[in-house]
Amino acid sequence: MTTPRSTSRFDAARRLRNYSYAILNISELARRCEASGRPVTHLNIGDPALYGFHPPEELTRACIAAFEKNAHSYTASCGILPAREAIAREAASRSMKTAPDDVIVTAGATEAADLLCTAMLNPGDEVLCPSPGYPLYAALIGRQEATCVSYRLDPANRWLPDPQEIERLITRRTRLLVVINPNNPTGSLCPPDLLAAIADIAERHNIVCLADEVYRKLVYSQTHHPLASFAGNDLCVVTLESLSKNYMAAGWRTGWMTITNSRLVPDIRAALQKLADARVCAPAAPQYAIPAALSLGNDYLAPVMEKLRERRDLTVRMVNAIEGLSCSTPEAAFYVMAKADPAVHRFASDEEFIVELLRKKQILCVHGSGFGTDPSEGYFRIVYLPDTATLERVYADLSDFLQHCR
Ligand code: PLP
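Report follows, based on the coordinates.

About the cut-offs
Residues numbered from 1 in each chain as written. Predicted model: local features only at pLDDT ≥ 70, side-chain atom pairs only at ≥ 80, totals over all residues. Heavy atoms only, no water. Helix = DSSP H or I, 4+ residues; strand = E, 2+ residues; numbered from the N terminus. Rg over C-alpha atoms; globule rule 2.2 N^0.38 Å. Areas by Shrake-Rupley, 256 points an atom, 1.4 Å probe, with all protein chains shown as cover. Lys, Arg positive; Asp, Glu negative; His and termini not counted. Charge placed at Lys NZ, Arg CZ, Asp CG, Glu CD. Buried < 20%, exposed > 50% of the residue type's maximum accessible area, 1.4 Å probe, protein only. Near = heavy atom within 4 Å. Polar contact = N/O pair within 3.5 Å; in protein donor to acceptor, adjacent residues only side chain to side chain. Core = buried A, V, L, I, M, F, W, Y, C linked by side-chain atoms within 4.5 Å. Contact = heavy atoms within 4.5 Å. Axes fitted to C-alpha atoms, helices over the stretch in contact; angles between N-to-C directions. Parallel < 35°, antiparallel > 145°, perpendicular 65-115°, else oblique. Left-handed = near helix turned anticlockwise from the far one by under 90°. Salt bridge = Lys/Arg side-chain N within 4 Å of Asp/Glu carboxyl O. Phe/Tyr/Trp six-rings, centres within 6.5 Å; stacked < 30°, edge-to-face > 60°.

## Digging into the overall build of the chain
Within the chain, the regular secondary structure consists of 14 helices and 14 strands. Its C-alpha radius of gyration of 21 Å places the chain within 12% of the 22 Å reference for a compact globule of 406 residues. Projected onto the principal axes, the alpha-carbon positions of the chain cover approximately 60 × 55 × 50 Å. Counting every atom, the chain has about 17,400 Å² of accessible surface; 50% of that belongs to carbon and sulfur. Separation of charge centres in the chain, based on 43 positive and 46 negative side chains, amounts to 4 Å.

Below is the structure:
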């Protein structure tokens, strides 16, 4: 979706002409539908708290205690020291070499990505990004007038990338390699040998890696390995995490970046500091929940993952039972990339499919092209966070919809 050309006297910045974020842009249509009295089932946004998942109470207590102790001031721009120490300690326990001074606490992983892209990219620089992948990156890269170069995640190979393709796409302008693991929208998880291969390529070509690991704890059976744990001494990895998904507190807007081998990038580190200073700090009180979060262990996750597994399994079973629809089994997070076979419906594009599904059944998903797939391929993303009764109703409606749109 591109921004329509303005007719007003003051045009918005040209850099924003192709700035888009399909996940929320599409909800404008849903708002209109709801305004006309038809409630919509929102399967477009990955906010666990909307579907009955809550942050562990240790986090809420730490946040409330901070308010009670007057945490109303600005904090240090890179975040409070106890949070940075807890982040560095926990990262070290997962073989990521970092230190409290290499941590910046941010307003969600979103702000961390924004700071890093702003600190690093000049017009014409190239950034390698997964396709399909979370649309924030293409938007931020475009805003810097840099170029997003897509590497393909292969649906026939558990939506994993081919490291050889990544290497082939590197040019002398490549500055950054984005790895989203687990990935949104596919729910795929990279095995350790693949991460080692990616780290090796980046190191040999002198490219910084951005490892988006905001879903790292939401894995079903395999273990998550941080990309930074494969970094030798000559690779800088900036890892992004947050309380949003792993701790189900998306509205707290609290995340962080952790730099591994920051001595390789002193100029970028200084730029990050300047940018962090200029936006003053992340929200203060939730920063006090970070040490609580990182000392929790995984017990709080067991009931969460049990529910998510049930919803995932139901989704995979019911989607694949619908003629013309298919999906593979996600290994992490709460998304599935489904494919509506273009041979069995009459829609020219995935977006048309999604808009019609909303009109006819009041179900809101996001078209695959919003994440980078080709609009003719028929992919769309389902958020399977709702309870099983809601999901069963959604898939029955989806089946009915497909039967009537041949
Ligand atoms: N990275 C990925 C892959 C995401 O899916 C999201 C949110 O959906 C974010 C980053 C943003 O997370 P935060 O809420 O921490 O800004």
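## Comments concerning unusual backbone geometry
Geometrically, the link from serine 131 to proline 132 is a cis peptide bond, its omega value of 5° lying close to zero. In this structure, proline 182 follows asparagine 181 across a cis peptide bond, with omega equal to -5°. The residue proline 182 is located in the loop between strand S6 (174-180) and helix H8 (192-204) in this model. Backbone geometry at asparagine 206 places phi at a positive 60°, although glycine is not the residue there. As for its position among the elements, asparagine 206 is in the loop between H8 and strand S7 (208-212). A residue is classified by how much of its surface remains accessible, and asparagine 206, at 67% relative accessible area, is exposed.

## A look at the site of the ligand
By nearness alone, 13 residues border the ligand, and Thr110, Asn184, Asp212, Tyr215 and Ser244 come closest of all. Within the backbone of alanine 109, a nitrogen or oxygen atom sits 2.8 Å from an oxygen atom of the ligand. Taking serine 244, its side chain carries an N or O atom lying 2.6 Å from an oxygen atom of the ligand. Relative to its unbound accessible area of 400 Å², the ligand is 94% covered by the protein chains. The dominant element in the shell around the ligand, judged by the number of residues it contributes, is helix H5 (residues 108-120), at 3 residues.

## A short note on the nonpolar core
Core analysis: the biggest nonpolar cluster contains 107 residues, and Tyr137, Phe380 and Tyr395 have the highest contact counts within it. Looking at this core, the element that brings in the most residues is H5, giving 8 residues. Ignoring anything within four residues of it in the chain, the contact list for phenylalanine 380 reads Leu325, Val336, Met337, Ala338, Ala340, Phe353, Ile354, Cys365, Val366, His367, Gly368 and Leu398. In terms of nonpolar packing, the next biggest core, distinct from the first, is built from 29 residues, Leu160, Leu195, Ile198 and Val237 among them.

## Quick word on the packing of H5 against helix H9 (residues 266-278)
As a packed pair, H5 and H9 sit with axes 9 Å apart at the nearest point and diverge in direction by 125°. Looking at the two axes, H5 sits oblique to H9. Pair H5 / H9 crosses with right-handed handedness. Here Leu115, Leu116, Thr118, Ala119 and Met120 of H5 come into contact with H9, specifically with Ile268, Ala271, Leu272 and Leu275.

## Concerning the pattern of salt bridges
One pass over the structure, following the stated rule, counts 20 salt bridges. The partner of glutamate 57 in a salt bridge is arginine 61, with the nearest N and O atoms 2.5 Å apart. Here the residue glutamate 57 and the residue arginine 61 both occupy positions in helix H3 (residues 57-68), the gap between them amounting to 4 residues, near one helical turn. What makes glutamate 57 exposed here is its relative accessible area of 53%. Classification of arginine 61 by relative accessible area gives partly exposed; the value is 48%. For arginine 216, the salt bridge is made with glutamate 90, and the minimal N-O distance between the two is 3.3 Å. You can see arginine 216 sitting in the loop between S7 and strand S8 (237-242) and its partner glutamate 90 sitting in helix H4 (residues 81-93), a full 126 residues away along the chain. With a relative accessible area of 16%, glutamate 90 lands in the buried category. What emerges from the salt-bridge pattern is a single network uniting Glu90, Arg94, Arg216 and Glu241.

## Examining the packing of aromatic side chains
The full count for this structure, using the stated rule, is 10 aromatic pairs. Judged by centre distance (5.3 Å) and plane angle (70°), the ring pair of tryptophan 159 and tyrosine 379 falls under edge-to-face. With a gap of 220 residues between them, tryptophan 159 in the loop between strand S4 (147-154) and strand S5 (160-161) and tyrosine 379 in strand S14 (residues 379-383) connect regions that are remote in the sequence. On the basis of relative accessibility, which here comes to 6%, the residue tryptophan 159 falls in the buried class. Assessed through its relative accessible area of 8%, tyrosine 379 is described here as buried.

## Quick look at the environment of serine 295
Structurally, serine 295 can be placed in the loop between helix H11 (289-294) and helix H12 (301-321). A polar contact is formed between the side chain of serine 295 and the backbone oxygen of proline 291, at a distance of 3.0 Å.

Geometric values such as these leave the question of function open.
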